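Breakdown of the fold
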Amino acid sequence: MKRVIIGLSGGVDSSVAALILKQKGYYVIGIYLKNNNSFCNWEEESLSALMVSQQIGIPFYIIDITNYYKKLIGDFTINEYLGGRTPNPDVLCNNKIKFNLFLKHSIILKADYIATGHYVRKKQADFAGKTISKLFPALDNKKDQSYFLCKLNQFQLKKTLFPLGEFKKEQVRKIAKSANLINANKKDSQGICFLGKVKFATFIKSTILKKNETFGQIILIGKNCKLYKNRDQLLFGLSTLDKLELLSKKIKYNQKFGKTIGYHEGVYSFTKGQRKGMKIGGLRKPIFVIEKDLKKHILYVGLGNDHPGLYSSVIFIRTKYIYWIYKKYKNIFYQSNPLKLYAKIRSRQIFQVVTLHKVNKGVYIYFHFPQRAITEGQYIVWYLRNELIASCLYI
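One structure accompanies this document, and this report is about it. All of these numbers come straight from a predicted model, not from anything done at the bench. (Residues numbered from 1 in each chain as written. Predicted model: local features only at pLDDT ≥ 70, side-chain atom pairs only at ≥ 80, totals over all residues. Heavy atoms only, no water.)

A closer look at the packing of aromatic side chains
Within the structure shown, the criterion is met by 13 aromatic pairs. Plain terms: the ring middles of Phe127 and Tyr326 are 5.6 Å apart, the flat faces sit at 90° to each other, and that makes the pair edge-to-face. Within this pair, whereas Phe127 is found in strand β5 (residues 120-127), its partner Tyr326 is found in the loop between β13 (322-324) and α11 (330-335), the two being separated by 199 residues in sequence. For Phe127, a relative accessible area of 21% corresponds to the partly exposed category. What makes Tyr326 buried here is its relative accessible area of 8%. Ring geometry for Phe127 and Tyr329: centres 5.0 Å apart, planes at 75°, overall edge-to-face. Here Tyr329 lies in the loop between β13 and α11 and Phe127 lies in strand β5, a separation of 202 residues in the sequence. The exposure class assigned to Tyr329 is buried, which follows from its relative accessible area of 2%. Within the aromatic cluster, the residues linked to one another by ring pairs are Phe127, Tyr326 and Tyr329. The positively charged end of Lys123 is found above the aromatic ring belonging to Phe136, 4.9 Å away from the centroid. The positively charged end of Lys151 is found above the aromatic ring belonging to Tyr323, 4.8 Å away from the centroid. (Phe/Tyr/Trp six-rings, centres within 6.5 Å; stacked < 30°, edge-to-face > 60°. Helix = DSSP H or I, 4+ residues; strand = E, 2+ residues; numbered from the N terminus. Buried < 20%, exposed > 50% of the residue type's maximum accessible area, 1.4 Å probe, protein only. Lys NZ or Arg CZ within 6 Å of the ring centre and 35° of its normal.)

Okay, structure coming up:
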């Protein structure tokens, strides 16, 4: 009998995943990762996971990863915000914690596989004479979590089972109710992996802003600012690569291009595209963050969701920030330049058509439709047809 350890969060998805594996004949072991910080209600969640394990009839263990988690995820997230970036800790968590720590414990517990309740599909296939693991979006497009697994390697994928990839969320709920699982009607968890139910704004105020409270100006940049007009005029007569280079350069805002409309409590807590938190009223349209100056503590904003400062068509990614699910997949790129693919800059986003233009030090990503608030620290995930083949970090 094949042995598999599964991460039980206390939620319905991982619980049903464990149940499905048990019904398929696996010897299933449930593990809850305890993160004992001031934000996470681990007692309640672990109790739920324990009770489900007893219902299903599988052994259950709790592993304390508090210090490990704080160092790799919590501290990393704070440092990224202090550096002006907007990180995605869930991507790092999957790569460094869930699919790393679990694999180590699978060896200790003599398990053949690890498993999670992620909505994603894995398939084995032949590529260049070698069997590899391919990653595809889940059957349920609304629940697909392939974006968050973009940093997994071949060993991690080979050793992992994803029981929910072929199921719709409604089916998962139905299975849970049919089995009378105690969390069958439990709401889905939201937010960042290490914060549980706590809102990110609360986390920011209690960590980053508490140590870095620096007030600064909020400066409104108009839609007709000459920064945008000059940029458009320079495009005429340029070659494709020259246009891509110009469009990929970040616009350098300056106080002289706008007017002060208020003040903020800390520039670090804001990210591009953000609307809430500036506490400024009386304007005919809502304002959105379009850029921030960390040195001068200035927040540049634009009026309306259609403001040109919110949108980008081209970004440049250095080669060292490109990660391939299977290393030999990069041959596809080298054999075809330019290369048209699909991409996502956020997990719930529908596929966006992009064209990749390779140059010596990296790649220009041209979005066929301008993207809203592409932010430093984000991952752009690439799909060839329907397969996740690579990801890149925008710095």
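Some remarks on the pattern of salt bridges
Evaluation of the coordinates by the stated rule reveals 11 salt bridges. Glu45 is the partner of Lys186 in a salt bridge, and the nearest nitrogen-oxygen pair spans 2.6 Å. One end of the pair, Lys186, is in the loop between α6 (169-178) and α7 (200-206); the other, Glu45, is in helix α2 (residues 42-56), and 141 residues separate them in sequence. Taking relative accessible area as the criterion, Lys186 reaches 23% and is therefore assigned partly exposed. The shortest N-O distance in the salt bridge between Asp144 and Lys344 comes to 3.3 Å. Of the two residues, Asp144 is situated in the loop between β6 (130-137) and α5 (154-158) and Lys344 in strand β14 (residues 339-344); the sequence distance between them amounts to 200 residues. (Salt bridge = Lys/Arg side-chain N within 4 Å of Asp/Glu carboxyl O.)

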